Amino acid sequence: MTPTANWSYPTAIRFGAGRLSELGEACRTADIKAPLLVTDKGLANLPITTRALDLLEAAGLGRALFADVDPNPTEQNVAAGVQAYRAGGHDGVVAFGGGSGLDLGKAVAFMAGQTRPLWDFEDIGDWWTRADAATIAPVIAVPTTAGTGSEVGRASVITNAATHEKKIIFHPHMLPEVVICDPELTVGMPPAITAGTGMDAFAHCLEAYCSPHYHPMSQGIALEGMRLVKDNLLLAFQDGQNIDARAHMMSAAAMGATAFQKGLGAIHALSHPIGAVHHTHHGTTNAVVMLQVLQFNKPKVRRPLARAANYLSISGGFEGFCAYVKDLNTQLGIPATLTDLGVADPDLDTLVASALTDPSCGGNPVKMTPSNTRKLFEACF
Ligand SMILES: [Fe+2]
């Protein structure tokens, strides 16, 4: 039977098939009377978005939509969203979609009342204290993929269109007030997106698990998240209508993003600049570089991943874990190299420099340097 539950860790999550129907009630819980639904261009005209707008309208909350959001949302998207929010007299945001819709929705709610520019709030030191917290609008987050986990996060990834860098905008109050995790919203995802987003969730769990920072709770969540992916991603990939597999993947996505407060690592440090410059799919890019990163980190992760392999019923310790990842990628149709993914004429100097300034880099168990990161990129091509 598909599980149904109410969770308050780390935010209030209404989890279960069909629970999108509680959208109006969720808005009332957050004291939102005039929400702006923010989603990406691809979702704007899909039936699930129309249904969400119908539900808002039926609850007397209007049906305002902002969907001018690129796959890798930029500061221009944020500015246009804030303009729509202010012009419409809104008092909260329904962030609806995959990573781009959720991150943009959270960024619009955050920026709605700020007077400083977006980049002043990059996740560096205590820059978040520059924000006027009292003006941050409440957010209802409704994921329609199972990968990013942004619905439980306190940050947004926004691409600087001028420098092609992905920047993390952070504030503790960016945490959505209510999350609706309804696996029925993910059944329409095509297999390639199911694979890519699912591998993003797996990468979050894997990198959080391998990060050297001390956080036993995240460690446990990451390990069980990997198990849920192992037991369910292929099922969801092969049969998109399998609502139980979809539900477990939705849990794994929220768990991955909960766990990565422990840290990410080289998979994301490489994937972010590749995605920002070459516009590749984030989760698929993670999957492509995953095996090379595992080998790169082998001296530090051999033992912990042998322990994880035991828990995951994978034989052969660290090497068995790597063989499992290789086999999973093959079954999911993930390209073997970045070249196969379509990344042509890479500017390695720029990619290496961006990887080394990416915030994920600090959580990698092996210290990343200009020379070893260059070799790692070369191995991925
Ligand atoms: Fe990710």
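Just so it is clear, the structure is predicted and the values come from calculations on it, not from any experiment. All residue numbers refer to position in the chain's written sequence, counted from 1. Selection of residues for local features in this predicted model requires a pLDDT of at least 70, selection of side-chain atom pairs for listing and counting requires 80 or more, and totals for whole chains, interfaces and linings are taken over all residues. Side-chain numbers come from the whole structure's heavy atoms, not from hydrogens or water.

Student: I keep staring at empty space enclosed by the protein and nothing clicks. Help me out?
Tutor: Over the atoms a probe the size of a water molecule is rolled, and this reveals where empty space is left. The rule is simple: put a 1 Å grid over the protein atoms alone, call a set of points where a 1.4 Å probe fits but cannot get out a cavity, call an open set with protein on both sides within 12 Å along at least five of seven lines a pocket, and count a residue as lining if it has an atom within 4 Å of a point. Grid points are joined across faces, edges and corners, and a volume is the space filled by probe spheres set on the points. Throughout the structure, instances matching the rule amount to 2 cavities of 30 Å³ or more. Its boundaries defined by the atoms lining it, the largest cavity holds a volume of some 80 Å³. Surrounding the largest cavity, 14 residues form its lining, Leu206, Glu207, Cys210, Val293 and Asn297 being those nearest its centre. Comment: elements are numbered from the N terminus, with helices defined as DSSP H or I runs of at least four residues and strands as E runs of at least two. Secondary structure elements with two or more residues in the lining of the largest cavity: α5 (191-210) and α9 (282-296). Element by element, the count of residues in the lining of the largest cavity is highest for α5, at 3 residues. Under the scheme applied, nonpolar residues are Ala, Val, Leu, Ile, Met, Phe, Trp, Tyr, Cys and Pro; charged residues are Asp, Glu, Lys and Arg; polar residues are all the others, including Gly. Grouping the amino acids of the lining of the largest cavity by side-chain chemistry returns 8 nonpolar, 5 polar and 1 charged. The space that makes up the second largest cavity amounts to roughly 40 Å³. Residue assignment for the lining of the second largest cavity shows that the elements contributing at least two residues are α5 and α7 (243-259). Looking at the lining of the second largest cavity residue by residue, the class counts come to 4 nonpolar, 3 polar and 1 charged.

Student: Looking at this structure, I do not really get unusual backbone geometry. What am I missing?
Tutor: Peptide bonds are, in most cases, trans, and in most cases residues other than glycine have a negative phi. Unusually for a residue other than glycine, aspartate 31 sits at a positive phi of about 60°. Structurally, aspartate 31 can be placed in the loop between α1 (23-29) and β3 (35-38). By relative accessible area, which is 51% here, aspartate 31 ends up exposed. With phi around 50°, aspartate 345 is a residue other than glycine that occupies positive phi space. Throughout this description, buried means an accessible area under 20% of the type-specific maximum (1.4 Å probe, protein chains only), exposed means over 50%, and partly exposed covers the range between.

Student: Is there a simple way to think about the packing of helix α6 (residues 216-238) against helix α11 (residues 317-331) in this case?
Tutor: Helix packing for two helices is described by the angle between their axes and how far apart those axes are. The angle between two axes is taken between their N-to-C directions and runs from 0 to 180 degrees, where each axis is a line fitted to C-alpha atoms and a helix contributes only its stretch in contact. Orientation of α6 relative to α11, taken along the N-to-C sense of each, is 20°, at an axis distance of 11 Å. Considering their axes alone, α6 and α11 lie roughly parallel with respect to each other. For α6 against α11, the interelement crossing comes out left-handed. The segment α6 lies against α11, with Met226, Lys230, Leu234, Phe237 and Gln238 engaging Phe321, Tyr324, Leu328 and Gln331. We call two directions roughly parallel when the angle between them is under 35 degrees, roughly antiparallel when it is over 145, roughly perpendicular when it lies between 65 and 115, and oblique otherwise. Crossing handedness: left-handed means the near helix sits turned counterclockwise from the far one by under a right angle, and right-handed means the same turn made clockwise. In this description, contact between two residues means that some pair of their heavy atoms is separated by no more than 4.5 Å.

Student: What am I meant to see in α11 here?
Tutor: Because an α-helix packs 3.6 residues into every turn, residues spaced three or four apart end up facing the same way. Between its terminal C-alpha atoms α11 stretches 21 Å, which fits the 21 Å expected from 15 residues at 1.5 Å a residue. Taken together, the buried positions of α11 are occupied by Phe318, Gly320, Phe321, Cys322, Tyr324, Val325, Leu328 and Asn329. Those residues of α11 hidden inside the fold are in contact with α5, α6, α9 and α10 (298-311). Of the residues trailing α11, glycine 333 is marked for its positive phi of about 70°. One less than the number of residues in a helix, times 1.5 Å, gives the span that helix is expected to have.

Student: Explain the layout of surface pockets to me, please; I cannot follow it from the model alone.
Tutor: Put simply, the second largest pocket is a space of about 190 Å³. Every residue lining the second largest pocket is counted, 13 residues in all, and those nearest its centre are Val288, Leu291, Asn329, Pro335 and Ala336. Where the lining of the second largest pocket is concerned, the elements lending two or more residues are α9, α11 and α14 (370-380). Take the lining of the second largest pocket: its biggest share by element is 4 residues, from α9.

Student: Sorry if this is basic, but what is going on with the pairing of strand β8 (residues 165-170) here?
Tutor: Where a strand is regular, its side chains alternate between the two sheet faces. Where burial is concerned, most of β8 is hidden: 5 out of the 6 residues are buried. Note: strand β7 (residues 155-160) against β8, 6 bridges, orientation antiparallel. The residue bridging alanine 155 from the neighbouring strand is phenylalanine 170, located in β8. Only strands joined by at least two bridges in the DSSP assignment are considered to pair. Between β7 and β8, which follow one another and run antiparallel, lie 4 residues, and histidine 164 among them has a positive phi close to 60°.

Student: Looking at this structure, how should I read the domain arrangement of the chain?
Tutor: Quite often, the size of an interface is put as the accessible area lost when its parts meet. The domain architecture assigned to the chain consists of domain 1 (5-185) and domain 2 (189-380). How far each domain reaches was decided by an automatic or database domain assignment. The gap between the C-alpha centroids of domain 1 and domain 2 is 25 Å. Counting the surface lost from both domain 1 and domain 2, the interface buries some 2,100 Å², and carbon and sulfur atoms represent 67% of this. Definition of a polar contact: a pair of N or O atoms within 3.5 Å, with one able to donate and the other able to accept a hydrogen when the atoms are protein atoms, and with sequence-neighbouring residues admitted only if both atoms are side-chain atoms. Counting across the domain 1 and domain 2 interface gives 0 residue pairs in polar contact (both at pLDDT 80 or more). Looking at which element gives the most residues to the side of domain 1 that touches domain 2, the answer is β8, with 3 residues. Taken together, the residues of the side of domain 1 that touches domain 2 break down into 11 nonpolar, 8 polar and 5 charged. Note on definitions: buried area is the accessible-area loss of two parts on being combined, 1.4 Å probe, summed for both.

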